[in-house]
Amino acid sequence: MKLGVVGLPNVGKSTLFNAITHAGAECANYPFCTIEPNVGIVAVPDERLDVLGKLYNTKKITPAVVEFVDIAGLVKGASKGEGLGNKFLANIRETDAIVHVVRCFEDENITHVENTIDPLRDIETINLELIFADMDSVKKKWDKALNMTKTGDKKYKIEAEFLERLYNHLEQGNSARSLPLSKEEKEYMQELFLITSKPVIYTANISEKDMGKSESELPLVQKVIDFAKAENSEYLVICAKTEEELSMLDPDEQKMFLEELGLTESGLDRLVRASYKLLGLISYLTAGEKEVRAWTIELGTKAPQAAGKIHTDFEKGFIRAEIVDYDILVELGSFNAAKEHGKVRSEGKEYVIKDGDVVLFRFNV
């Protein structure tokens, strides 16, 4: 899973990136301080792995991971090459989803590229630039499809009609993800690799003094939430500065700090959870003395394809999957004990893997 962290200059996106990846992207009070995309690999927090690690006295614990990419700031005209627009657009196309950081705090020491704080204006600035970029891409494909209709092949006529509808939708200021699609159109849309077809988490970045306040007490945050809900996107309220401070502490100190703030989990935990939900992802588990590991798959993945995440041979030679629920395994203490109690299920090729399934694949190559 690859998430692109984006936002206008000086909204706090690089501070947030530092906090969740410990990668140390340069933060400074001027635009474009992040010239090259910074990449950080983050472990997905999963308490189940630690429990299984102790249960199996395992030598190695391998969590699922998320890749965060901090992409250079965007300004008006980026789709036409202004600022670092071309670089921004190229890097964002490679991501699975977008974490759009929106400034919802006042600070006279941190300048805003527009000189005033207006989260909806900032969202519109970036969204319009992404729409303009997608319009250019769609227009080229539309022109090509129109030209190919001369061959008499009906598929090009269907393609051209769809691209015209999509272009008109974008031209009205709408994202590609908001266009109603048939099953066939959804498959074709994926092949277009449009930026505005990617799912988004709008992340409202608040000040430290606003932490603990309800969303209704923060009018700027409420605007972001209402906007996200209106387009069926995810949203998150976070204080990037606090998350950065939290990231510098060891786990025990982090826990104490969170308790003092009245929080049960860090911004990273919430961001990863929101990202999983956004992309329809779950984790299944494998456990043994050598390694306890979480494997990320899409919701609805069947057993053979899930096995293929471990190795292609597992999928090719799939025989069956022996599965026990995580809670039952922990309660009974071992896979063998679960088997003796009849709690290990033997599932075939049509079984859909569930989040938290502890799996042993049987295969033959």
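Scroll up to find the structure this text is about.
About the cut-offs
Residues numbered from 1 in each chain as written. Predicted model: local features only at pLDDT ≥ 70, side-chain atom pairs only at ≥ 80, totals over all residues. Heavy atoms only, no water. Axes fitted to C-alpha atoms, helices over the stretch in contact; angles between N-to-C directions. Helix = DSSP H or I, 4+ residues; strand = E, 2+ residues; numbered from the N terminus. Parallel < 35°, antiparallel > 145°, perpendicular 65-115°, else oblique. Left-handed = near helix turned anticlockwise from the far one by under 90°. Contact = heavy atoms within 4.5 Å. Buried < 20%, exposed > 50% of the residue type's maximum accessible area, 1.4 Å probe, protein only. Polar contact = N/O pair within 3.5 Å; in protein donor to acceptor, adjacent residues only side chain to side chain. Pairing = 2+ DSSP bridges. Phe/Tyr/Trp six-rings, centres within 6.5 Å; stacked < 30°, edge-to-face > 60°. Lys NZ or Arg CZ within 6 Å of the ring centre and 35° of its normal.

**Some words on the packing of helix α1 (residues 13–21) against helix α8 (residues 240–247)**
Two measures define how a pair of helices packs: the angle their axes make with one another and the distance between the axes.
Move 1: Contact geometry of α1 with α8 gives a least axis separation of 8 Å together with a crossing angle of 30°. Classified by the angle between their axes, α1 and α8 sit roughly parallel to one another. The handedness of the crossing between α1 and α8 comes out as left-handed. Along the contact surface, α1 presents Thr15, Leu16, Asn18 and Ala19, while α8 presents Ala240, Lys241, Glu243, Glu244 and Ser247.

**Notes on the side chain of Arg48**
Move 1: Here Arg48 shows up in helix α2 (residues 47–56).
Move 2: Judged by its relative accessible area of 18%, Arg48 falls in the buried class.
Move 3: A polar contact of 3.2 Å, which involves the side chain of Arg48, links it to the side chain of Asp355.
Move 4: Sequence-distant contacts of Arg48, that is, excluding residues within four places in its chain, are made with Ser283, Leu285, Tyr326, Asp355 and Gly356.

**What about the pairing of strand β8 (residues 281–287)?**
Move 1: For β8, the buried fraction is high: six of the seven residues fall into the buried class.
Move 2: For β8 and strand β9 (residues 292–298), the ladder comprises seven bridges, and the chain directions are antiparallel. If you follow Tyr284 over to β9, its bridge partner there is Trp295.
Move 3: Turn length for the β8-β9 hairpin, with the two strands adjacent in sequence and antiparallel, is four residues.

**A few points about the packing of aromatic side chains**
Move 1: In this structure the tally under the stated criterion is seven aromatic pairs.
Move 2: Taking the centre distance of 5.4 Å and the plane angle of 90° together, the rings of Tyr202 and Phe227 count as edge-to-face. Highlighted residues: Tyr202 in strand β6 (residues 200–205) and Phe227 in helix α7 (residues 219–230), separated in sequence by 25 residues.
Move 3: Within the aromatic cluster, the residues linked to one another by ring pairs are Tyr284, Trp295, Phe318 and Phe361.
Move 4: A cation over a ring is seen here: Arg293 above Trp295, with NZ or CZ 4.0 Å from the ring centre.

**A few points about the environment of Val51**
Move 1: Within the element layout of this structure, Val51 appears in helix α2.
Move 2: For Val51, a relative accessible area of 33% puts it in the partly exposed group.
Move 3: Taking C-alpha positions, Val51 is 7.8 Å from Val330, a pair spaced 279 residues apart along the chain.
Move 4: Beyond its immediate stretch of four places on either side in the chain, Val51 contacts Tyr326 and Val330.

**Considering the sheet that holds strand β2 (residues 38–43)**
Move 1: With respect to topology, six strands assemble into an open sheet ordered β2-β4-β1-β5-β6-β7, the strand pairing being mixed. Strand pairing shows two members of the sheet lacking a second neighbour, β2 and β7 (234–238), which therefore form its edges. Mean inter-strand twist for the sheet, computed between neighbouring axes without regard to direction, equals 25°.
Move 2: Strand contacts of helix α10 (residues 267–279): β1 (2–6), β2, β4 (65–70), β5 (97–103), β6 and β7, with the helix running at about 175° to β7, the strand carrying the most contacts.

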